[in-house]
Amino acid sequence: LLATRQAMRTSSDLQARATLLDSEAIVLRHEGRAVEALASAQASVALWRSIGEQHYAIEALVEAAHAAFDLDDLETVEQLVAQAESWPPIERRPLLDAQEARLRAKLLAAHESSGSAEFEHATAMFRALGLPFWTAVTLLENAENQADANEATSLFAAAESIFERLRATPWLERTRAARRGPSTVDDVALAPAAVPPRLTERSDSIVEHDEAERRDG
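### Re the environment of Ala18
Alright, step 1. Within the secondary structure layout, Ala18 lies in helix H2 (residues 14-30).
Alright, step 2. Here the alpha-carbon distance between Ala18 and Tyr56, two residues 38 residues apart in the chain, equals 8.9 Å.
Alright, step 3. What Ala18 contacts, discounting residues up to four positions off in sequence, is Ser44, Leu47 and Trp48.

Below is the structure:
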């Protein structure tokens, strides 16, 4: 595995390098190494955009924003969202619009302002895209920042129902802990996000590709 990671890190295949950076960002953040995760995710965004893989660039940008939130670095989150908003129309995707709305809502909540309307807007966008996981995440985040207890209960229930259906156990545990009260949320350790399938699916072909290049050279 270490040999494969090193091969990907030095590969001439930019997709392989971007995949590794993105995956490392996920693992680093869940290890509590948010500064390194942020740097890795930002590098991944740049590589994905350079090869026109916008969907993966969006994933990496969201991971970078999550790392910045972990650091309470709201200025960097603002910069990341502004960066995304500046992408030209040809690079934009409905998923980017939805994630921008969600991150803006999280920023408002972090500044102790009401982001409920923004969370609702983002939730509607994820629903329209047929993305139940992100729909549930946004419902949960809205509930966690909801001043109205009755509304929060309804949002928690909606998120819990989706996470149960998806069998997203760590998120289900977080939702149930949040419903019990803020003091219990920190006790729930979210499992590291799964390494993107493209990392393992492409590993062997990447190594073979580089070996062939060296032979031909």
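### Let's talk about the pattern of salt bridges
Alright, step 1. Inspection of the entire model under this criterion finds 15 salt bridges.
Alright, step 2. Its salt-bridge partner being Glu31, residue Arg33 comes within 3.0 Å of it at the nearest N-O pair.
Alright, step 3. Judged by its relative accessible area of 37%, Arg33 falls in the partly exposed class.
Alright, step 4. Here Glu160 ties to Arg179 by a salt bridge, and the two come within 2.8 Å at their closest N and O atoms. Linking Glu160 in helix H9 (residues 149-166) with Arg179 in helix H10 (residues 169-180), this pair joins segments that are 19 residues apart in sequence.
Alright, step 5. Overall, the relative accessible area of 14% leaves Glu160 in the buried class.
Alright, step 6. Because the salt bridges share partners, they merge into one network encompassing Glu160, Glu164, Arg176 and Arg179.

### With respect to the packing of aromatic side chains
Alright, step 1. In the structure shown here, the tally under the stated rule is 6 aromatic pairs.
Alright, step 2. With 4.8 Å between their ring centres and 45 degrees between their planes, Trp48 and Tyr56 make a pair best called tilted.
Alright, step 3. Residue Tyr56 is classed as partly exposed on the basis of its relative accessible area of 24%.
Alright, step 4. Clustering of aromatic rings is evident, with ring pairs tying together Phe126, Phe133, Trp134, Phe163 and Trp171.
Alright, step 5. Across from the ring centre of Phe69, 4.7 Å away, lies the NZ or CZ of Lys106, which sits over that ring.

### Here we look at the packing of helix H4 (residues 54-70) against helix H6 (residues 94-110)
Alright, step 1. Put simply, H4 and H6 touch, their axes get as near as 10 Å, and they point 5 degrees apart. As the angle between them shows, H4 and H6 are arranged roughly parallel. Taking contact as the criterion, the partners of His55, Ile58, Leu61, Val62, Ala65, His66 and Phe69 in H4 are, on H6, Leu95, Leu96, Gln99, Arg102, Leu103, Lys106, Leu107 and Ala110.
Alright, step 2. Class assignment for the residues of the contact of H4 with H6 results in 10 nonpolar, 3 polar and 2 charged.

What counts as what
- Residues numbered from 1 in each chain as written.
- Predicted model: local features only at pLDDT ≥ 70, side-chain atom pairs only at ≥ 80, totals over all residues.
- Heavy atoms only, no water.
- Helix = DSSP H or I, 4+ residues; strand = E, 2+ residues; numbered from the N terminus.
- Contact = heavy atoms within 4.5 Å.
- Salt bridge = Lys/Arg side-chain N within 4 Å of Asp/Glu carboxyl O.
- Buried < 20%, exposed > 50% of the residue type's maximum accessible area, 1.4 Å probe, protein only.
- Phe/Tyr/Trp six-rings, centres within 6.5 Å; stacked < 30°, edge-to-face > 60°.
- Lys NZ or Arg CZ within 6 Å of the ring centre and 35° of its normal.
- Axes fitted to C-alpha atoms, helices over the stretch in contact; angles between N-to-C directions.
- Parallel < 35°, antiparallel > 145°, perpendicular 65-115°, else oblique.
- Nonpolar A, V, L, I, M, F, W, Y, C, P; charged D, E, K, R; others polar.

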